[in-house]
Every structure is written in C-alpha cells, then in structure tokens.
Amino acid sequence: MCKHILNAQVAIRSPCCKKWFDCAECHAEKEKHPLQQSMEMVFACKKCKKCFRKDVSDWDDSDEYCPHCDNHFVLEAKTPSLALNVEGEDVRVDSRMIKDERVKADERKTIWNIGDDAIDKLD
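This write-up is about the structure you can find in this document.

Rules of the game
- Residues numbered from 1 in each chain as written.
- Predicted model: local features only at pLDDT ≥ 70, side-chain atom pairs only at ≥ 80, totals over all residues.
- Heavy atoms only, no water.
- Core = buried A, V, L, I, M, F, W, Y, C linked by side-chain atoms within 4.5 Å.
- Buried < 20%, exposed > 50% of the residue type's maximum accessible area, 1.4 Å probe, protein only.
- Contact = heavy atoms within 4.5 Å.
- Pairing = 2+ DSSP bridges.
- Helix = DSSP H or I, 4+ residues; strand = E, 2+ residues; numbered from the N terminus.
- Patch = residues over 30% accessible without salt bridge, like charges linked within 9 Å, V, L, I, M, F, W, Y side chains within 5 Å.
- Areas by Shrake-Rupley, 256 points an atom, 1.4 Å probe, with all protein chains shown as cover.
- Salt bridge = Lys/Arg side-chain N within 4 Å of Asp/Glu carboxyl O.

Thoughts on the nonpolar core
Point 1. Grouped together as the largest cluster of nonpolar side chains are 6 residues: Val-10, Phe-43, Cys-45, Phe-52, Cys-66 and Phe-73.
Point 2. Ignoring any residue separated from it by four or fewer positions in sequence, one finds Cys-66 in contact with Cys-45, Cys-48, Phe-52, Asn-71 and Phe-73.
Point 3. Among the nonpolar cores identified, the runner-up in size contains 5 residues, and Cys-2, Cys-17, Phe-21 and Cys-26 belong to it.

Okay, structure coming up:
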C-alpha cells in the first residue's frame with residue numbers, strides 16, 4: 001500500500017533491483033540506489049493481479065488500460081492531505097440534537113390536586 005499515492009492502480013517493477021513498488025517515492029524510501037529508467041516498464045494490475053509490459057517510447061491512449069481487465073490505471077494521483085475534522089454531524093444541517101422536541105405531559109390529577117375545573121364543578 002502506497003502512502004504517497006492513494007489511488008494507485010498498478011505496481012511497477014523497478015528495472016534496477018527487480019522489486020515491486022507502487023511509486024518512485026516508495027522506491028527512493030526503501031532502496032539506497034537511484035531508480036534506473038528504462039523504455040520498457042513492467043506493471044502488475046491491482047484489480048486482476050496480472051502482470052503486463054508496456055513500451056514507454058510508443059505510448060498510446062489505449063496503453064492507459066490493463067490489457068487483461070481494462071482497468072484504467074493512468075489517473076490523476078490523489079495524494080494525502082492534512083485535514084482537521086470534527087466528529088459527528090454538522091449542527092447547522094441537523095439541529096435535532098439541540099432542540100427539545102418532547103411533548104409536555106399533562107399533570108396527573110389526584111385527590112390532593114384536583115385542579116381548577118373540579119373546583120368550579122363543586123360550586
């Protein structure tokens with residue numbers, strides 16, 4: 001799992017050390033040597049788990065898709081960003097938690113608390 005590109009669709013095999021990485025930054029963090037560049041790249045699709053080769057010198061629009069499952073792997077990279085979020089829902093959208101929507105119950109009548117309407121009936 002790459003921490004630099006959140007939506008990585010393929011893993012790339014580095015031609016220098018023959019190891020799999022999700023991006024060039026992952027290779028730079030884990031290996032002590034620079035990434036060797038070549039015109040032929042080997043990819044492993046993360047959707048169908050199959051490997052394929054692409055020639056970078058003859059790149060076409062159809063080369064942006066996995067030849068096995070047609071997964072579009074050339075996407076705009078989503079990188080992680082810092083965010084400060086408040087847990088829970090926004091009070092401005094749903095303020096039911098603030099309002100007291102309970103119905104006030106009628107006061108129970110007892111022999112000690114007969115109310116004003118009973119006094120009028122006695123007279």
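From this point, things continue past the structure.
Description of the sheet that holds strand S1 (residues 10-13)
Point 1. The 4 strands lie next to each other as S2-S1-S3-S4, forming an open sheet whose pairing is antiparallel. Bordering the open sheet on either side are strand S2 (20-21) and strand S4 (51-55), each of which pairs with just one other strand.
Point 2. The pairing of S1 with S2 spans 2 bridges and is classified as antiparallel. Its bridge partner lying in S2, Ile-12 is registered against Phe-21.

Section: a nonpolar patch on the surface
Point 1. A contiguous nonpolar patch, built from Met-39, Val-56, Trp-59 and Val-74 and spanning about 320 Å² of accessible area, is present on the exposed surface.
Point 2. Here Trp-59 is to be found in the loop between S4 and helix H2 (116-122).

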